[in-house]
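Report on the structure
Listed here are the chains, written in short residue letters.
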Amino acid sequence: MRFLLDTEQRDFAAALRGLLTAADTPAVIRDWSRGEQVSGRALWGRIGAAGVFGLAVPEEYGGAGRRPVELAVAFVELGRYAVPGPLAETVAAAVLLDDGEGLAKRFLPGIASGESVATVAFEKHGYGFALDGEAADVRLAAAPEGLLLSSGAGAVHRSLDPARRLTPLFPVGELLGAEPPWAEARTWARLATAAQALGVGLALLDRTVAYVKQRTQFGVPIGSFQAVRHRLADAKIALEFARPLVFGAAVTMTPADVAAAKLGACEAAYAGARAALQLHGAVGYTAEYDLSLWLTKARALRGAWGTPEECRGEVLSGGDPRS
């Protein structure tokens, strides 16, 4: 099945690409990795003003209404530019806080506009780690009694991706609700992660194709070698198979479809990262080279919001994580 974006969706993606190209995201990512959030918060505000976070927020609270297909379009571009921050977590928070009453009025306008950064620790009865908890304005935790607005975050734990700063949330704060929609929030966050991974994989492929056209051995570009072409073709095919999974899941929004999309997109991005690393040679291993910003993110997203094993199990169980 082919999923073709309409004119409005293509224009939206192009506008985001223009915004993110002008933002010099590699510099923003490195600042964020050091805990310097000024440039990252400025970019976050511009992304919010472009309407990205409003795609998970109802219109009455400043959003565009819940539009998962457009959200997937946007997150592909965010992944393509490796934008740092708790992106999928903010989407999950928007779903968790949408009670149609006081919580929605209190929190959702700030999330939709990009004024508020939200994060979530999703492990019930253990609070767990939240992404970028020290940078977030809204910190949500899955407490034993329900949804907790945590009063703060602990020390940063570095992850494989330096731009993903993991923090434990304090197990104290305001109880916001006893039965928040955990499963729905996870589905939305997983879709956002899948689309983000697809964008990361596409960026890795584009960068590697450009590199093999420039690097020479034996007086010719290495991109002319059959073995190199085969690696790139395999990466391209995997990403093109993942694309309809992502947009098909955005149409149905069933847990099994979203799990399949997350699995397909993240595995394709991870395979693309391995191919990119091999074809770049030694320079691909250096943290100073911008490629590393996408390599580490591909690996980190693979385990975020569900490992490959968890996603396979959910697909086989028809979307029931308890099976």
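The preceding data block contains the structure.
Residues numbered from 1 in each chain as written. Predicted model: local features only at pLDDT ≥ 70, side-chain atom pairs only at ≥ 80, totals over all residues. Heavy atoms only, no water.

Next up on the list: the overall build of the chain. Along the backbone of the chain there are 11 helices and nine strands. For the chain, whose C-alpha radius of gyration is 19 Å, the value lies close to the compact-globule estimate of 20 Å for 323 residues. Along the first, second and third principal axes, the C-alpha atoms of the chain reach 65 × 40 × 40 Å. Relative to its full complement of 323 residues, the chain shows a buried share of 54%. Residue pairs at least 24 apart in sequence account for 70% of intrachain contacts in the chain once pairs closer than 6 positions are excluded. In the chain, which carries 33 positive and 35 negative side-chain charges, the distance between the mean positions of the two groups comes to 8 Å. (Helix = DSSP H or I, 4+ residues; strand = E, 2+ residues; numbered from the N terminus. Rg over C-alpha atoms; globule rule 2.2 N^0.38 Å. Buried < 20%, exposed > 50% of the residue type's maximum accessible area, 1.4 Å probe, protein only. Contact = heavy atoms within 4.5 Å. Lys, Arg positive; Asp, Glu negative; His and termini not counted. Charge placed at Lys NZ, Arg CZ, Asp CG, Glu CD.)

Our next topic: the environment of glycine 62. Position of glycine 62 relative to the elements: it lies in the loop between α3 (38-49) and α4 (68-80). For glycine 62, a relative accessible area of 60% puts it in the exposed group. Between the C-alpha atoms of glycine 62 and glycine 51, which are 11 residues apart in sequence, the distance is 9.5 Å.

What follows covers unusual backbone geometry. Glycine aside, a negative phi is what most residues show, and trans is what most peptide bonds show. Unusually for a residue other than glycine, aspartate 24 sits at a positive phi of about 55°. Among the secondary structure elements, aspartate 24 is positioned in the loop between α1 (7-22) and α2 (25-33). Owing to a relative accessible area of 44%, aspartate 24 belongs among the partly exposed residues under this scheme. Of note in the backbone geometry, aspartate 132 takes a positive phi value of approximately 55° without being a glycine.

For the rest of this paragraph, the subject is the pairing of strand β6 (residues 165-168). Residues Arg165 and Thr167 of β6 are buried on one face, while the alternating residues Leu166 and Pro168, pointing to the opposite face, are not. Here three bridges tie strand β2 (residues 129-131) to β6, and the two strands are oriented antiparallel to one another. Looking at β6, one finds that leucine 131 is bridged to leucine 166. Pairing analysis gives two bridges linking strand β5 (residues 157-158) to β6, with the strands arranged antiparallel. Across the sheet, residue arginine 158 finds its bridge partner in β6, namely arginine 165. Hairpin connection of β5 to β6: six residues between the antiparallel strands. (Pairing = 2+ DSSP bridges.)

Relative to the helices and strands, glycine 54 is located in the loop between α3 and α4. Leaving out residues up to four positions away in the same chain, glycine 54 has contacts with Gly63, Ala64, Gly65 and Ala112.

A few words now on the state of the cysteines. Counting across every chain of the model gives zero disulfides. The thiol of cysteine 311 is unpaired, and the distance to the nearest cysteine sulfur, on cysteine 266, comes to 7.3 Å. With a relative accessible area of 1%, cysteine 311 lands in the buried category. (Disulfide = S-S within 2.5 Å.)

Limitation: the analysis is restricted to geometry and does not speak to function.
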